[in-house]
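One letter stands for each residue in the lines below.
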Amino acid sequence: MARARGALIVLEGVDKAGKTTQCARLVHALQQSGRPAEMMRFPDRSTTIGQLISAYLEKKSDLEDHTVHLLFSANRWERVYHASNNRGCRPLMKKKLEEGITLVVDRYAFSGAAFTSAKPGFSLDWCMKPDVGLPKPDLVMFLQLSPAEAALRGQFGEERYETSAFQRAVQQQFEELRKDSTVNWQVIDASQSVDDVHKSISSHSLHTVSAAQSLPLGELWK
Ligand code: TMP
């Protein structure tokens, strides 16, 4: 009998919502309960493309807006499959899911579309196109935090996009994306305590991990 596949679970949200902490806690909790799980994050700054993106975010280099959008998308695609002549590297998303590993992903194509479409002159439709056909998440949890609550959590960092005005524009684009009923969105109130947010995320995830076992992996926005 074929092994049950792992689930693809994504955490999204604006900055300061606690995505990275919650991804790590979820992976730990799944592993503790005997469910194989690994964390991934986008951008994955470890690849050649990821390094170009990282330099851009750290404002060490400037890139044209369409160009950087496509690099963010390429950085996801390069983590989906093995390159055909790339022997011996670690298994990528598709293979891990097939092996029964649940992937908990810190940002995905939704950040890609929301951040670029918050820039002047970019439609959400154009921004979604390069990511059409990526493995479709079984669950996308949006950590909701108002700009006022985010401000209480301290100053933004130094990276590009870390300003309140831009984050508000990004939040609006996420709201548009959440209208798409082909994606399994769950909104999580990120103003709760870290423990309560974790409980809520765990309960949605456990349900998804069991449901995904008998469902084929879908293709995003197709
Ligand atoms: P990080 O702080 O989670 O590493 O994310 C880096 C920044 O990159 C964050 O401001 C969101 C932004 N971003 C995009 O603009 N497009 C994308 O596709 C992704 C994944 C992130």
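The structure presented is a predicted model; accordingly, all values stated were derived computationally and were not measured. (Residues numbered from 1 in each chain as written. Predicted model: local features only at pLDDT ≥ 70, side-chain atom pairs only at ≥ 80, totals over all residues. Heavy atoms only, no water.)

So what exactly am I meant to see when it comes to the layout of surface pockets here?
Rolled over the atoms, a probe as big as a water molecule pinpoints where empty space is left. Reported here for the largest pocket is a volume of approximately 450 Å³. The wall of the largest pocket is formed by 26 residues, among which D15, P43, L57, R107 and F115 lie closest to the centre. Those elements that place two or more of their residues in the lining of the largest pocket are α1 (19–32), α3 (65–77) and α5 (109–117). When residues of the lining of the largest pocket are assigned to their parent elements, the largest contribution, 4 residues, is made by α5. The residue makeup of the lining of the largest pocket, split by class, is 7 nonpolar, 8 polar and 11 charged. (1 Å grid on protein atoms, 1.4 Å probe; cavity = no way out; pocket = protein on both sides within 12 Å on 5 of 7 lines; lining within 4 Å. Points joined across faces, edges and corners; volume = space filled by probe spheres on them. Helix = DSSP H or I, 4+ residues; strand = E, 2+ residues; numbered from the N terminus. Nonpolar A, V, L, I, M, F, W, Y, C, P; charged D, E, K, R; others polar.)

Help me understand the site of the ligand in this model?
Every residue lining the ligand is accounted for by R41, F42, P43, R45, L57, F72, R76, R107, S111, G112, F115 and Y161. Here an oxygen atom of the ligand sits 2.8 Å away from a polar atom, N or O, in the side chain of R76. Within the contact set of the ligand, an oxygen atom lies 3.3 Å away from a backbone nitrogen or oxygen of G112. Contact with the protein chains covers 93% of the free accessible surface of the ligand, which is 480 Å². (Near = heavy atom within 4 Å. Polar contact = N/O pair within 3.5 Å; in protein donor to acceptor, adjacent residues only side chain to side chain. Areas by Shrake-Rupley, 256 points an atom, 1.4 Å probe, with all protein chains shown as cover.)

What exactly am I supposed to notice about the packing of α1 against helix α9 (residues 194–212) here?
What describes two packed helices is the angle between their axes and the distance between those same axes. Orientation of α1 relative to α9, taken along the N-to-C sense of each, is 55°, at an axis distance of 10 Å. In terms of orientation, α1 and α9 fall into the oblique class. At the point where α1 passes α9, the crossing takes the right-handed sense. Where α1 approaches α9, its residues T21, Q22, R25, L26, A29 and L30 are matched on the opposing element by V194, D195, V197, H198, I201, S202, S205, L206 and V209. Classifying every residue of the contact of α1 with α9 gives 8 nonpolar, 5 polar and 2 charged. (Axes fitted to C-alpha atoms, helices over the stretch in contact; angles between N-to-C directions. Parallel < 35°, antiparallel > 145°, perpendicular 65-115°, else oblique. Left-handed = near helix turned anticlockwise from the far one by under 90°. Contact = heavy atoms within 4.5 Å.)

Looking at this structure, how should I read the environment of D195?
Locating D195 in the fold gives a position in helix α9. Exposure remark for D195: the relative accessible area of 43% places this residue in the partly exposed category. Remark: the alpha-carbon pair of D195 and R25, spanning 170 residues in sequence, is separated by 9.6 Å. Side-chain polar atoms of D195 contact the side chain of R25, separated by 2.8 Å. (Buried < 20%, exposed > 50% of the residue type's maximum accessible area, 1.4 Å probe, protein only.)

What should I look at first to understand the sheet that holds strand β2 (residues 37–41) in this one?
Adjacent strands of a sheet form backbone hydrogen bonds with each other and so pair up, either parallel or antiparallel. Pairing within the open sheet is parallel, and its 5 strands lie in the order β2-β3-β1-β4-β5. Strand pairing shows two members of the sheet lacking a second neighbour, β2 and β5 (185–189), which therefore form its edges. Across the sheet, the mean angle separating the axes of adjacent strands is 25° when strand polarity is ignored. Summarising the sheet, strand β4 (residues 139–144) and β5 pair through 5 bridges and their orientation is parallel. If you follow L143 over to β5, its bridge partner there is I188. Across the sheet, α9 is in contact with β1 (8–13), β3 (102–106), β4 and β5; its angle to β4 comes to roughly 170°. (Pairing = 2+ DSSP bridges.)

Would you take a moment to explain the pattern of salt bridges for this structure?
Opposite charge on two side chains lets them pair, provided their charged atoms get close. A complete count under the given rule lists 16 salt bridges for this structure. D131 is the salt-bridge partner of R76, the closest N and O atoms lying 3.0 Å from each other. Of the two residues, R76 is situated in helix α3 and D131 in the loop between α6 (124–128) and β4; the sequence distance between them amounts to 55 residues. Classification of R76 by relative accessible area gives buried; the value is 2%. For K179, the salt bridge goes to E176, with nearest N and O atoms at 2.8 Å. Exposure remark for E176: the relative accessible area of 38% places this residue in the partly exposed category. (Salt bridge = Lys/Arg side-chain N within 4 Å of Asp/Glu carboxyl O.)

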